[in-house]
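What the coordinates show
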Amino acid sequence: MSVSTKRELIQPDGPLSIEVQCALLDLPRSSYYYVPCGESAQNLMLMKRIDRIYLRKPYFGRRRMCHQLRKEGYEVNPKRVARLMRLMGIEAIYPRPRTTQTHKAHRKYPYLLRNLEIDWPNQVWCSDITYIPMSQGFLYLVAVMDWFSRYVISWRISNSLESSFCLEALQEALSLGHPQIFNSDKGSQYTSERFTGLLIDQQIQISMTAQGCWDNLMVERLWRTLKYEHIYLHSYADGLALHKGLGIFFDQYNRENPHSALGMKTPLELWK
């Protein structure tokens, strides 16, 4: 059953809650609730350009990003660029604490992957969130990936950076496997008690990267592949179309994309 069909079956005024109906239909709530985000057309254009620049030069902060945009003819100032980058959930990658995305009351965990040999599936899982440009808005995407095989175990889209869609992705992934270590950044989505509590209950070690460091390299490479080979080649109008397109992309990525670092094997061949 397609996502659009599932969405049509939801009864907002029915006897069951939206959450329960989505669960019964195996439909992410973010797909049901999606509405285009209300930024101006000019800001959406700037965000798409910022996204492309950031993939090539992730060390650009607001001032260097602003300088680059001005060189390209955009009339922007650092304050505006900083707001858009914050909205997109990105910042320059260099060694310093990040203050915009973390939650001070949440416990932070140490980074466990330094000098660790990762040489078997389900030894380490990693996760990250990225901004996805749409034709008339934007969404966020989270993925859970097996570090060794590069297999994308689960993913979810959302129109906000609330932690629920990350938790849904983790729950689905844990229904399919069990890692020794789970690595993420220190964003509030990953440090929430519900998220870390689920990992602790499953006796999974929690690893968190130093903010501003590019230690979640496998997921960052996935984002680059996804955007240049799929997202930038399409112009999705809504969350339902994006959900369908991402489903096709991740299935092909897992089953058909050989990696030279994996001896030209696909992620699916090495995962499990």
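These lines cover the structure that appears in this document, whether it is placed above or below. Computed from a prediction, not measured in an experiment: that's the story for all the values here.

1. Overview of a nonpolar patch on the surface
On the surface, a cluster of nonpolar side chains totalling about 280 Å² of accessible area is made up of Leu16, Val20 and Leu24. Note that leucine 16 resides in the loop between α1 (3-9) and α2 (18-25). Looking at leucine 16, the relative accessible area reads 42%, which means it is partly exposed.

2. A look at the nonpolar core
Within soluble globular proteins, side chains that are nonpolar generally end up buried alongside one another. Formed by 42 residues in total, the largest nonpolar core has its most connected members in Ile50, Met65, Leu69, Val81, Trp125, Phe182 and Phe195. Elements that contribute at least two residues to this core include exactly α4 (41-56), α5 (62-71), α6 (78-88), β1 (124-133), β2 (138-146), α7 (164-174), α9 (193-201) and β5 (205-208). Of the residues forming this core, the biggest block, 7 residues, is contributed by α7. Not counting residues up to four positions away in its chain, the partners in contact with methionine 65 are Ile50, Ile53, Tyr54, Phe60, Val81 and Met85. Formed by 30 residues, the second largest nonpolar core is a distinct cluster that contains Leu55, Ile181, Tyr236 and Phe249.

3. Description of the pattern of salt bridges
One pass over the structure, following the stated rule, counts 5 salt bridges. For glutamate 72, the salt bridge goes to arginine 49, with nearest N and O atoms at 2.8 Å. Of this pair, glutamate 72 sits in the loop between α5 and α6 while arginine 49 sits in helix α4; the two residues are 23 residues apart in sequence, bridging distant segments of the chain. Since its relative accessible area comes to 31%, glutamate 72 is described here as partly exposed. For arginine 49, a relative accessible area of 22% corresponds to the partly exposed category. Put simply, arginine 156 and glutamate 172 hold a salt bridge, and the shortest N to O gap is 2.4 Å. Here arginine 156, found in strand β3 (residues 152-158), pairs with glutamate 172, found in helix α7; they are 16 residues apart in sequence, far enough to count as distant. On the basis of relative accessibility, which here comes to 12%, the residue arginine 156 falls in the buried class. Residue classification places glutamate 172 among the partly exposed positions, given a relative accessible area of 28%.

Cut-offs applied
Residues numbered from 1 in each chain as written. Predicted model: local features only at pLDDT ≥ 70, side-chain atom pairs only at ≥ 80, totals over all residues. Heavy atoms only, no water. Patch = residues over 30% accessible without salt bridge, like charges linked within 9 Å, V, L, I, M, F, W, Y side chains within 5 Å. Areas by Shrake-Rupley, 256 points an atom, 1.4 Å probe, with all protein chains shown as cover. Salt bridge = Lys/Arg side-chain N within 4 Å of Asp/Glu carboxyl O. Helix = DSSP H or I, 4+ residues; strand = E, 2+ residues; numbered from the N terminus. Buried < 20%, exposed > 50% of the residue type's maximum accessible area, 1.4 Å probe, protein only. Core = buried A, V, L, I, M, F, W, Y, C linked by side-chain atoms within 4.5 Å. Contact = heavy atoms within 4.5 Å.

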